[in-house]
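So the chains spell out like this:
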Amino acid sequence: MQAERDDEHPASAADAFRSRRFPSVTRDTARPEGSGRAVPGAVSTPARQWPMLSVLTATAAGLLATAMGHPRIGCLVIGVALIAASVLRRALPSVGMLAVRSRFTDMVTYGLLGVAITLLALAIEPKPVLNIPFLETAVRFTVR
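Residues numbered from 1 in each chain as written. Predicted model: local features only at pLDDT ≥ 70, side-chain atom pairs only at ≥ 80, totals over all residues. Heavy atoms only, no water.

The secondary structure content of the protein amounts to seven helices and zero strands. Secondary structure elements in the protein, listed N-terminal to C-terminal, are α-α-α-α-α-α-α. Nonlocal contacts in the protein, meaning residues at least 24 apart in sequence, comprise 54% of its contacts between residues at least 6 apart. Here the protein displays about 10,800 Å² of accessible surface, and carbon together with sulfur accounts for 67% of that area. (Helix = DSSP H or I, 4+ residues; strand = E, 2+ residues; numbered from the N terminus. Contact = heavy atoms within 4.5 Å. Areas by Shrake-Rupley, 256 points an atom, 1.4 Å probe, with all protein chains shown as cover.)

Here we come to the confidence of the model for the protein. In the predicted model, the protein carries a mean pLDDT of 79, and 69% of its residues have values of at least 70. Of all secondary-structure elements in the protein, the lowest mean pLDDT belongs to helix H1 (residues 2-8), at 51, while helix H5 (residues 71-91) reaches the highest, 95. (pLDDT = per-residue confidence, 0-100.)

What follows deals with H5. One full turn of an α-helix is made of 3.6 residues, so residues set three or four places apart face in the same direction. Its 21 residues place the ends of H5 30 Å apart at the C-alpha level, agreeing with the 30 Å of an ideal helix rising 1.5 Å per residue. Buried within H5 are the following residues: Gly74, Ile78, Gly79, Ala81, Leu82, Ala85, Ser86, Leu88 and Arg89. Here the buried face of H5 lies against helix H4 (50-67) and helix H6 (103-122). (Expected span 1.5 Å × (residues − 1). Buried < 20%, exposed > 50% of the residue type's maximum accessible area, 1.4 Å probe, protein only.)

Another point: unusual backbone geometry. Working note: non-glycine residues mostly have negative phi, and peptide bonds are mostly trans. Even without glycine at this site, Lys127 takes up a positive phi of about 55 degrees. Residue position: Lys127 is located in the loop between H6 and helix H7 (133-143).

This brings us to the nonpolar core. Listed in full, the eight residues of the largest apolar core are Val55, Leu82, Ala85, Leu88, Val95, Leu98, Ala99 and Tyr110. Among the elements that line this core, the one with the most residues is H5, at three residues. Excluding anything up to four places from it in sequence, Tyr110 contacts Leu82, Ile83, Ala85, Ser86, Leu98, Val100 and Arg101. (Core = buried A, V, L, I, M, F, W, Y, C linked by side-chain atoms within 4.5 Å.)

A surface patch of nonpolar side chains, about 470 Å² in accessible area, is lined by Ile83, Val87, Val115, Leu119, Val129 and Leu130. For the nonpolar patch, the elements supplying multiple residues, two or more each, are H5 and H6. Among the structural elements, Val129 can be located in the loop between H6 and H7. (Patch = residues over 30% accessible without salt bridge, like charges linked within 9 Å, V, L, I, M, F, W, Y side chains within 5 Å. Salt bridge = Lys/Arg side-chain N within 4 Å of Asp/Glu carboxyl O.)

What follows deals with the pattern of salt bridges. For the structure shown, the criterion picks out two salt bridges. Of the charged contacts, one joins Asp106 and Arg89 as a salt bridge, the two residues approaching to 2.8 Å between their closest N and O atoms. With Asp106 in helix H6 and Arg89 in helix H5, this pair connects stretches of sequence that are 17 residues apart. Judged by its relative accessible area of 0%, Asp106 is buried. Its relative accessible area of 1% is what places Arg89 among the buried residues.

Moving on, we get to the packing of H4 against H5. Relative orientation of the contacting elements H4 and H5 amounts to 170 degrees, with a least axis distance of 6 Å. Relative to H5, H4 is oriented roughly antiparallel. Between H4 and H5 lies a crossing of left-handed hand. Contacts between H4 and H5 involve Trp50, Pro51, Ser54, Val55, Ala58, Thr59, Gly62, Leu63, Ala65 and Thr66 on the former and, on the latter, Pro71, Gly74, Cys75, Val77, Ile78, Ala81, Ala85 and Leu88. Partitioning the contact of H4 with H5 into residue classes produces 13 nonpolar, five polar and no charged. (Axes fitted to C-alpha atoms, helices over the stretch in contact; angles between N-to-C directions. Parallel < 35°, antiparallel > 145°, perpendicular 65-115°, else oblique. Left-handed = near helix turned anticlockwise from the far one by under 90°. Nonpolar A, V, L, I, M, F, W, Y, C, P; charged D, E, K, R; others polar.)

Let us look at the packing of H5 against H6. Packing of H5 against H6 leaves a shortest axis separation of 8 Å and a crossing angle of 160 degrees. Judged on the interaxial angle alone, H6 and H5 are roughly antiparallel. Considering the relative orientation of H5 and H6, their crossing is left-handed. In contact with Arg72, Cys75, Leu76, Ile78, Gly79, Val80, Leu82, Ile83, Ala85, Ser86, Arg89 and Arg90 of H5, H6 contributes Arg103, Asp106, Met107, Tyr110, Gly111, Leu113, Gly114, Val115, Ile117, Thr118, Ala121 and Leu122. Classifying every residue of the contact of H5 with H6 by side-chain character gives 14 nonpolar, five polar and five charged.

Shown next as structure tokens:
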């Protein structure tokens, strides 16, 4: 019933400012931070999204290396790809779809995940490059 009444008597612009209700159709909303393009609109879509495509390509290469039997190399590539995503998010003013949240949140999230995956890749058995002292105790505690 209320929607029919609103359609019958459209509110003027002055009435819209006085009303405390949200409008049924929003206009002039701010674009999200990640909606910008890395390259001008005249270029094709893959070229405009090169930061995201480069991170996805490196991640796919890491997954392929892991699937081919090289888990340390694959995880290192994935970790470095996430660290590169953090650097790209900081260095470039517009990164297209690589921007998901605020710049700071994206940098911290990509960076922490990248560092964690890289450290775990260096601690993979056999012959770990990095020896994390509490990791063996944590594994014994959780596997028992």
